[in-house]
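Architecture at a glance
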Amino acid sequence: MSRPDLLQAGPLMPYLVEELERRFTLWPLHEQAEPAAFIAREGRRFQAAVTSTFVGFPADLVEACPNLRLIASFGVGTDSLALPYAQSRGITVTNTPDVLNDDTANMAIALLLACSRNLVANDRYLRAGQWPRAGDPPLGRGIAGRIIGIVGLGRIGMVIAQRLEAFGCVIAYHTRNLRADVPWRHAPDLVALAREAAALIVIVPGGPATQHMIDAEVMDALGPEGLLINVARGSVVDEAALVTALTEGRLGGAGLDVYQNEPHVPEAMFGLDQVILQPHQGSATRETRRAMADLVIGNLDRFFAGEALLTPLALSPSSRSVSA
Ligand code: NDP
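Keep in mind it's a predicted model, so treat the numbers as computed, not measured. (Residues numbered from 1 in each chain as written. Predicted model: local features only at pLDDT ≥ 70, side-chain atom pairs only at ≥ 80, totals over all residues. Heavy atoms only, no water.)

1. Remarks on the confidence of the model for the protein chain
For the protein chain, mean pLDDT is 97; residues scoring 70 or higher make up 98% of the total. Scoring the predicted complex yields pTM 0.97 and, for the interface, ipTM 0.99. (pLDDT = per-residue confidence, 0-100.)

Right, here's the structure in full:
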């Protein structure tokens, strides 16, 4: 029996590629000599495609595949996918929620602890032979009893909040909608929350609605003692304003996993001891990446078997209006 065709929009982890090759005839777009000519020629062949939040799936690729009915994406963020447009064309999009909550939340906590206790700067201090020469480094800050503002209290934000409770933090959260099912205080005014918080942890989706939500005003409200932890998307933070606030000492420090123009990071950050930088590692453990891959495979298997999908994204309001 011939295996179904599957369009692969870009590089994926080896385990996932191996499993997909076992099931499908895989067509890696990024390995074609001329991807644009390939997709113009072969686009009609595909009913399903696989991608990731890192690779994305732009509207012109949707356009070039008139028979597409499924985009299975590796990752939870949808900002790199032409979601409303794909859905308006009747294409179902799946992502990999929940399985990455623990590790992404752990990254946020790790960055918060590492920033508040100067872990990375102190490591550099020791290795540079400074301890015997110059004595103890400056004191860090504790987080117990201090207000930590969580910007976005969805699947991952909830896990961050639960972990912070174990550290004795006072939790407040900023979202558009108040959650009746949590004991923590809702803070509808982000600047007011930043003013009282020892740190803000950002974990909202990327995209136009959250673009530069963390701007100079929020940074100034956090102040010279405040910490900004971003494990969401680079687009959520005004990166130029962040560099300026850090350089001028108007913001105490930052722990960053995501950037505006990945994999490029403003070089001005490299010289700042109060900044800890991670190359987008939130979900990057062997266990979680494998679980994400298994979810992608599960969705594709079900699609080709005509069964209900595991994690279809709800129809976005804009696609409802386009298709209505
Ligand atoms: P959810 O959709 O479960 O939660 C999103 C939260 O953000 C909700 O509480 C929502 O509340 C809030 N929110 C959305 N828009 C706004 C807005 N404009 N203003 C204020 N709050 C808003 O998402 P997840 O928790 O699963 O994931 C969040 C994001 O984390 C992903 O979209 C992804 O970009 C990022 N991520 C990063 C990873 C990494 O490797 N660093 C790994 C995994 C995810 P409300 O609707 O009430 O406003």
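Here the narrative resumes, following the displayed structure.
2. Here we look at the site of the ligand
In the vicinity of the ligand, 26 residues are found, and the nearest of them are Leu153, Arg155, Arg176, Asn177 and Asp257. At a separation of 2.9 Å, an oxygen atom of the ligand approaches a polar side-chain atom of Arg155. One of the backbone N or O atoms of Ile156 is found 2.9 Å from an oxygen atom in the ligand. Taken together, the residues of the shell around the ligand break down into twelve nonpolar, ten polar and four charged. (Near = heavy atom within 4 Å. Polar contact = N/O pair within 3.5 Å; in protein donor to acceptor, adjacent residues only side chain to side chain. Nonpolar A, V, L, I, M, F, W, Y, C, P; charged D, E, K, R; others polar.)

3. Concerning the UniProt feature "domain: D-isomer specific 2-hydroxyacid dehydrogenase NAD-binding" (unreviewed entry) in the protein chain
The UniProt feature table records "domain: D-isomer specific 2-hydroxyacid dehydrogenase NAD-binding" (unreviewed entry) at residues 109-282. Between the end C-alpha atoms of residues 109-282 there is a gap of 11 Å, over a span that is 33% helix and 16% strand. (UniProt positions renumbered as here; feature names shortened; annotations may be inferred. Helix = DSSP H or I, 4+ residues; strand = E, 2+ residues; numbered from the N terminus.)

4. Re the pairing of strand β10 (residues 227-230)
The two faces of β10 match: Leu227 and Ile229 on one face and Leu228 and Asn230 on the other face are all buried. Note: strand β9 (residues 199-202) against β10, four bridges, orientation parallel. If you follow Val202 over to β10, its bridge partner there is Asn230. With four bridges connecting them, β10 and strand β11 (residues 253-256) associate as parallel partners. For Ile229, the partnering residue across the bridge sits in β11 and is Gly255. (Buried < 20%, exposed > 50% of the residue type's maximum accessible area, 1.4 Å probe, protein only. Pairing = 2+ DSSP bridges.)

5. Brief notes about the environment of Val258
Relative to the helices and strands, Val258 is located in the loop between β11 and β12 (275-277). Put simply, Val258 and Leu277 are 19 residues apart on the chain and 8.5 Å apart in space, counted from C-alpha to C-alpha.

6. Section: the pattern of salt bridges
Evaluated as defined, the whole model comprises 16 salt bridges. Note that Glu42 and Arg41 form a salt bridge whose closest N and O atoms lie 3.5 Å from each other. Residue Glu196 pairs with Arg185 through a salt bridge whose shortest N-O separation is 2.9 Å. Placement of the pair is Glu196 in helix α9 (residues 190-196) and Arg185 in strand β8 (residues 185-186), with a sequence separation of eleven residues. (Salt bridge = Lys/Arg side-chain N within 4 Å of Asp/Glu carboxyl O.)

7. Concerning the sheet that holds strand β6 (residues 147-151)
Spatially, β8-β7-β6-β9-β10-β11-β12 is the arrangement adopted by the seven strands of the open sheet, whose pairing is parallel. In this open sheet, the two edge strands, each paired with only one partner strand, are β8 and β12. Relative to the sheet, helix α8 (residues 155-166) contacts β6, β7 (170-174) and β9, its axis offset from that of β6 by approximately 170°. (Contact = heavy atoms within 4.5 Å. Axes fitted to C-alpha atoms, helices over the stretch in contact; angles between N-to-C directions.)

8. Focus: the UniProt feature "domain: D-isomer specific 2-hydroxyacid dehydrogenase catalytic" (unreviewed entry) in the protein chain
Feature annotation in UniProt assigns "domain: D-isomer specific 2-hydroxyacid dehydrogenase catalytic" (unreviewed entry) to the following positions: residues 14-311. Measuring from the first to the last C-alpha atom of residues 14-311 gives 22 Å, for a span that is 38% helix and 15% strand.

9. Some details on the sheet that holds strand β2 (residues 25-28)
Pairing within the open sheet is parallel, and its five strands lie in the order β2-β1-β3-β4-β5. The open sheet has two edge strands, β2 and β5 (92-94), and neither has a second partner. Pairs of neighbouring strands in the sheet enclose a mean axial angle of 20°, with direction left out of account. Both strand β1 (residues 5-8) and strand β3 (residues 48-52) contribute to a ladder of two bridges, which runs parallel. What sits directly across from Gln8, in β3, is Val50.

10. A word on empty space enclosed by the protein
Within this structure, the stated rule accounts for one cavity of 30 Å³ or more. Here the largest cavity defines a volume of roughly 30 Å³. Taken together, Asn230, Gly234, Val237, Glu239, Leu242, Leu256 and Val258 make up the lining of the largest cavity. (1 Å grid on protein atoms, 1.4 Å probe; cavity = no way out; pocket = protein on both sides within 12 Å on 5 of 7 lines; lining within 4 Å. Points joined across faces, edges and corners; volume = space filled by probe spheres on them.)

11. Regarding the nonpolar core
In this structure, Leu20, Leu112, Ile150, Ile160, Leu164 and Leu300 are the most contacted members of the largest nonpolar core, which totals 51 residues. With eight residues, the single largest contributor to this core is helix α5 (residues 101-116). In contact with Ile160, other than residues within four places in its own chain, are Ala105, Ala108, Ile109, Ile150, Ile201 and Ile203. Within the second largest apolar cluster, 32 residues are counted, among which are Leu193, Leu200, Leu228 and Tyr259. (Core = buried A, V, L, I, M, F, W, Y, C linked by side-chain atoms within 4.5 Å.)

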